[in-house]
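Breakdown of the fold
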Amino acid sequence: MKNLSPVDAAALEAVETREWIDSLDYVLKQADTGRSLRLLDALRARARQSGVREPFTSTTPYINTIAPADEVPVPGDREIERRIKSLVRWNALAMVVRANRESDGIGGHISTFASSATLYEIGFNHFFRGKDAGQDADLIYFQGHASPGIYARAFLEGRLNETHLRNFRHEMRAGGGLSSYPHPWLMPDFWEFPTVSMGLGPLMAIYQARYAKYLENRGLKPVSDQKIWAFLGDGETDEPEALGSISLAAREKLDNLIFVVNCNLQRLDGPVRGNGQIVQELEAVFRGAGWNVIKVLWGSDWDQLLARDTEGLLVRRMSEVVDGEYQRYVVEGGAYLRKLFWGTDPRLADMVRHLSDDQLKHLRVGGHDPLKVYNAYRLATTTKGMPTVILARTIKGYGLGEAGEGKNITHQQKKMNESDLRTFRDRFNVPIPDDRIADAPFYRPDDQSAEVAYMKERRAALGGFVPRRVVSAPAIHPKMTDVFDEFVKGAEGGRKASTTMVFVKILAKLLRDKELGKLVVPIVPDEARTFGMESLFRAVGIYSSIGQVYEPVDMDTLLYYKEAKDGQILEEGITEAGSISSFIAAGTAYASHGVNTIPFFIFYSMFGFQRVGDFIWAAADARCRGFLLGGTAGRTTLAGEGLQHQDGNSHTLALSVPTCRAYDPAYAYELATIIEDGIQRMYGDGEQAFYYITVMNEQYDMPAMPDGVRDGIIKGLYRFNTAADSDAKSKANPSTSKASPKALRAEARAQLIGSGAILNEVVKAQGLLAKYGVAADVWSATSYNELYRDAHRVERWNLLHPTEPKRVPYVTQCLAETEGIVVAASDYLKSQPDMISRWVGRPVVTLGTDGFGRSEDRASLRDFFEVDARYITAATLSALHRQGDVDAATVQKAFKDLEINPDKADPATT
Ligand SMILES: Cc1ncc(C[n+]2csc(CCOP(=O)(O)OP(=O)(O)O)c2C)c(N)n1
Ligand SMILES: [Mg+2]
C-alpha cells in the first residue's frame, strides 16, 4: 500500500473497509451481539499486541444508541398524540406572547418548551406515573423555564382554566395566576420541586433517587418501580452542581434515576459548544462516571440514509460537524445543507440526490421524533443497575421559523407578530381561524373531544395527573418529654458540656425513641467526628446500599465504622451540596413519599448558608422541614481555625430565608426546648418551616432551666437572671463574693443581653459591673431573627389598624419596663442586636464580631473582637457615663483595670 498513489490507496482502503464491515454484518446476523463484542475485543487486543496505540475514547459514534431494529412502535394513537402536542405547543406560546403584549417585559420563555415538547409529551402519554390510589408516583424535576408547556398541558387536561393562563406571571390577580417557574411555595398543589436555579434540579434529583432507595432499604417505603426524572438543559450542564455528583448515582446503581438532557445546542446567549459537540462531551462525562447513556440524535427519516451508509461516510460526517455549524443548518435552507453537509464528498451527495432541498431541511432530529423518544424512555425505564441519561438532540425554538427557530436570539423571544403566529399555526395545524390569529387566543377543544378524552384516559391509566403535589403523611403527635427532661434539669454533677455535645445527646435519645426514632435522619458531610457523633456510627449504622463488604479497620473497637443496608446515618462525604440535597429529600418526604422523616443535617456553620445558600432557598421553596445544625459556630467560640471557618455571618444569612427559624442557644435547656417545639410545630401542627440552630464547641456549665422561660426561649428573648439574683448568688458563694458591689447605686442600671456562648461572657460582665456599682440584669437572646420578625409583624398590624389599640412587639414587652442602658453582645454581626434596637425604647449598645476571623485561642479572639466580659463591662460603663449615670473617674479606672486599649485597631476592618 505504501507504493500506491493516494487515489489507489484510498480505493483500496475503501474495499478493505467494505470487507471488514461485511464480515461484521455477517457475524451480527449469525450470532448474538456478545459474539460481535468478543470479536471486536479480540481485534483490539491483536492490534495492541502489534503496537497499535488506540487513542482513548469515551464516546460512541454520533448516531443513535438504539438501533432501528431494536425499536418498538409507540403504542396508542400517534395521530391524536401529535394533535395534542400541537395544542400544547400553541397554548404555551400564546401564554407567553399574550403576557408580554399586555405587560411589556413580564418575560417568559417560548423556545425552550418548543424544543422539548416531544420529550415531555411522550412522558405524559406513556411513562410518568401519577399518585392515584396511593401509587408510588414518579418524581419529576421539570426544566424550570419549560413551565409554559407544563401549564398548557394542565389547561388542556382541565386542571387550569383560561384565567390561570391569562395570568401567567401575574400570580396575584383575581382568579389566580401562574408562577413563572416551578415553585411549590407558590403553587403547593401543583409543583413539587423548584428547579429554575440551574444546576440545583439535577443534583437534588440524584439525592432524591438515592433517598428513595434509602427509604426502601430502611423499610420506610415499599420497594416500587418509581422513577425520578430530571429534565435539564444542555447549557445547564455547565453548572458544576449539575454534573458534580453523577458518580454517586452510578456508584449507588440508581436505576430509578433518569436524566433527560434537552440538547438543543443553545443556551441563552448562543451555542453551548459552537466549536465542539456538547452531546459527545456529555456522553464522555456520563459514560466515564458509569451511566447508561442513550443518545437520541437522529429522527426516523435518517434511518434509511444511515442504512445505506455502507462505508461509514455519513457517520463520520455527522461526527465531525461542530454544533455551531449544526445550528446554522437549522436556520439555512436545504441548498445550504446539500452544499456544506452533504457536498463534502460526492458519495455523500449521491445519498440524498433523491431528496428535494425542502425534504433535506426537514429531516428531523431525534428529540422531535416520538418513536425515538419513546424507545429511549422505554430502555431507560427498564435498565437495571445503573442510572440513565438521555441526550436528546432538539432544535431551540422549534416551529418558530423566522421568529427565532435555531437563532441566537431565540431564548429571549417573547413576542410574535401576526405573520409569525400564522406560520406557527400552519406548521402545527392548530384550528384557529385567520380572523382571530392576531389575538393569539388560547385553544381548548371541549371535554368530549377526542384529544381531551385521550389525554385524560392516558393520565388515568398512568395513575393521574402530573405534576401534582400531595401531602400524604399524616401529622404525628409524639410524646417527647422523656427525651428532653434531662436537659431541662441542667448538667448533673456539675460536668461541663458544649451545646454540640448536648445536641448529639439529644439526637441519640431521639434515635432511641420508640415513636420518632426510625424517622430521624442524621446527615453529615464527613464531620461526624468533629461534632463527637462517632458513637452513632455503631448505634444506628451508616447507610450503605450494599451493606459492608469489608471488615472495618476499627472492627474490634466499641465505636467501629459500621456501614449497613438499613443504616440510618447519611454520611455524605465532603459535599455540603449533596448533604443539603439529602436534607431536602428527607425534609420534603412528607409530600413526595408520604413519610414524615425528620432530617438533622449538621455541618460546619461557615459551609452552610454561605456555601449552599441557594439550596437552602430551594428547601424553603419546597416547603422543607427539619433541622439544620451549624456546628462549631461563633466567630470567637471556634478557636484556632481562623478566617475561613469562624462564623459570624450565618444568622444574618438565615434571616433572608422566610421559612427558616434561626436560633443561637446558649444552654442545654434552650436547645432542648427549641428542638422539642420545632418537632411539635413542624410534624404535629403541620408548619412548613425548618430550623437553623447554631451549636458551639466551648464547654461550660449547663444550668437548670429557670421557671417560666419556655415561651421566651421560643420567641427569642427571656430574662436569665436579675441583678438581685446574681447578688444573692455571689453572697451565697464566698468564692465570687469579692466581685459583689459594696453599694448598688440605684441610677446605675443595665440590661445585658447575650446569646450563644457569649451569654457566659455577659454573665461574667454582670459580676464585673457590680464592682463598679452597676446593677445589671441578664437576658438570653436565643433568636434576634425571630424578635425582629415578630416586631415587624406587630408594627405592620398597627400600621394597618390605626384606630385600634396598639399591639406591642414581644421585645418591647420584655425590655420597655426595665431600667438602665441596654447592651447586647453576640458572636455574630453587630447587625443582629441592631435589628431589635428600634423596639427597645432607648439606645442599644451592640457588640459583635464584624470582620475576618483569626487563628487564635478563644480568649484572644474575644479580646480582638471586643466581645468578652471586659468589653461588655467597658461598653456598659462608657454608655452609662455618657448619659451621666457613672462618673468619669469610674470609667477611666475600669478601662485601666480591664486593660482596654482605646486606640486598638477596629476588628471590623483589619
Ligand atoms: C443559576 C442560574 N443562572 C442563570 C439563569 C438564567 N437562565 C435561565 S435559562 C438560561 C439558559 C438555559 O440554557 P439551557 O440550559 O441550554 O436551556 P434551554 O433553554 O436551551 O433548554 C439562563 C442562563 C438561571 N435560571 N439560573
Ligand atoms: Mg439548551
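Higher on the page you've got the structure.
Residues numbered from 1 in each chain as written. Chains lettered and ligands numbered in written order. Predicted model: local features only at pLDDT ≥ 70, side-chain atom pairs only at ≥ 80, totals over all residues. Heavy atoms only, no water.

Our focus in this paragraph is the nonpolar core. Core analysis: the biggest nonpolar cluster contains 174 residues, and Phe259 and Ile675 have the highest contact counts within it. With 10 residues, the top contributor of residues to this core is helix H7 (residues 200-217). In contact with Phe259, not counting residues within four places along its chain, are Pro202, Ala205, Ile206, Ala230, Leu232, Ala242, Ile246, Phe286, Trp291, Thr388, Val389 and Ile390. Of all hydrophobic cores here, the second largest spans 71 residues; its members include Ile66, Leu156, Ile390 and Phe424. (Core = buried A, V, L, I, M, F, W, Y, C linked by side-chain atoms within 4.5 Å. Buried < 20%, exposed > 50% of the residue type's maximum accessible area, 1.4 Å probe, protein only. Helix = DSSP H or I, 4+ residues; strand = E, 2+ residues; numbered from the N terminus. Contact = heavy atoms within 4.5 Å.)

Next up on the list: the packing of helix H22 (residues 499-512) against helix H28 (residues 668-684). Contact geometry for H22 and H28: axes closest at 9 Å, N-to-C directions at 40 degrees. With respect to each other, H22 and H28 are oriented oblique. With respect to the hand of their crossing, H22 and H28 are arranged in right-handed fashion. Where H22 abuts H28, its residues Thr499, Val502, Phe503, Ile506 and Leu510 lie against Ala668, Leu671, Ala672, Ile675 and Ile679. The residue makeup of the contact of H22 with H28, split by class, is nine nonpolar, one polar and no charged. (Axes fitted to C-alpha atoms, helices over the stretch in contact; angles between N-to-C directions. Parallel < 35°, antiparallel > 145°, perpendicular 65-115°, else oblique. Left-handed = near helix turned anticlockwise from the far one by under 90°. Nonpolar A, V, L, I, M, F, W, Y, C, P; charged D, E, K, R; others polar.)

Attention now goes to the packing of helix H1 (residues 6-30) against helix H2 (residues 33-49). Put simply, H1 and H2 touch, their axes get as near as 9 Å, and they point 145 degrees apart. Between H1 and H2 the crossing geometry is right-handed. Between H1 and H2, the contacting residues are Trp20, Leu24, Val27 and Leu28 on the first element and Arg35, Ser36, Leu39 and Leu43 on the second. Residues of the contact of H1 with H2, tallied by class, amount to six nonpolar, one polar and one charged.

Before going further, it helps to examine the environment of Pro467. You can see Pro467 is positioned in the loop between helix H20 (450-461) and helix H21 (481-488). Excluding residues within four positions of it along the chain, Pro467 makes contact with Phe142, Ile150, Arg159, Phe190 and Trp191.

Another aspect to go through is the side chain of Lys396. Structurally, the position occupied by Lys396 is in the loop between strand E5 (388-393) and helix H18 (418-428). The charged side chain of Lys396 is buried without a salt bridge, its nearest counter-charge being Asp234 at 6.5 Å. In contact with Lys396, other than residues within four places in its own chain, are Ser111, Thr112, Ser115, Asn264, Gln266, Arg267, Gly404, Glu405, Gly406, Thr410 and His411. (Lys, Arg positive; Asp, Glu negative; His and termini not counted. Salt bridge = Lys/Arg side-chain N within 4 Å of Asp/Glu carboxyl O.)

Taken together, Asp234 (OD), Asn264 (OD1) and Gln266 (O) make up the full set of protein donors to the magnesium ion (ligand 2), lying 2.0 to 2.2 Å away. Judged by relative accessible area, which is 1%, Asp234 ranks as buried. (Donors = N, O, S within 2.8 Å, 3.2 Å for Na, K, Ca; no water.)

Using the criterion set out here, one finds 56 aromatic pairs in the structure. Measuring from centroid to centroid gives 6.4 Å for Trp302 and Phe341, while their planes differ by 85 degrees, and the two rings are edge-to-face. Here Trp302, found in helix H11 (residues 301-307), pairs with Phe341, found in the loop between helix H14 (334-340) and helix H15 (346-351); they are 39 residues apart in sequence, far enough to count as distant. Exposure remark for Phe341: the relative accessible area of 2% places this residue in the buried category. Consider the rings of Phe600 and Phe627, whose centres lie 4.7 Å apart with planes at 10 degrees: the pair is stacked. Taken together, the positions of Phe600 in strand E10 (residues 598-604) and Phe627 in strand E11 (residues 626-631) put the pair 27 residues apart, joining distant regions of the chain. For Phe600, a relative accessible area of 1% puts it in the buried group. Its guanidinium or amino end placed over the ring of Trp185, Arg623 lies 4.3 Å from that ring's centre, counting from NZ or CZ. Sitting over the face of the ring of Tyr683, Arg625 holds its NZ or CZ atom 5.8 Å from the ring centroid. (Phe/Tyr/Trp six-rings, centres within 6.5 Å; stacked < 30°, edge-to-face > 60°. Lys NZ or Arg CZ within 6 Å of the ring centre and 35° of its normal.)

On to the pairing of strand E2 (residues 228-233), then. Where burial is concerned, most of E2 is hidden: six out of the six residues are buried. The pairing of strand E1 (residues 139-141) with E2 spans three bridges and is parallel. By the bridge assignment, Ile140 is partnered in E2 with Trp229. Alignment of E2 against strand E3 (residues 257-263), held across six bridges, turns out to be parallel. What sits directly across from Ile228, in E3, is Leu257. (Pairing = 2+ DSSP bridges.)

Our focus in this paragraph is the sheet that holds strand E16 (residues 775-781). Reading across the sheet, the five strands line up as E14-E16-E15-E17-E18 and stay open at both edges, with mixed pairing between neighbours. The strands lining the two open edges of the sheet, one partner per strand, are strand E14 (717-721) and strand E18 (844-847). Adjacent strand axes in the sheet meet at a mean angle of 25 degrees, parallel and antiparallel pairs treated alike. Across four bridges, strand E17 (residues 821-825) lies against E18 in parallel orientation. Bridged to Val822 within E18 is Val844.

The strand order across the open sheet built from six strands is E9-E6-E10-E11-E13-E12, with neighbouring strands paired in parallel fashion. Strands with a single pairing partner mark the edges of an open sheet, and in this sheet they are strand E9 (570-571) and strand E12 (660-663). Bridge count for E10 against E11 is five bridges, and the pairing is parallel. Note on E11: the bridge partner recorded for Tyr604 is Gly631. In the packing of H22 onto the sheet, the strands contacted are strand E6 (520-524), E10 and E11, and the crossing angle to E6 comes to about 140 degrees. Running at roughly 170 degrees to strand E13 (residues 690-694), H28 makes contact with E10, E11, E12 and E13 of the sheet.

The values are spatial; any link to function lies outside them.
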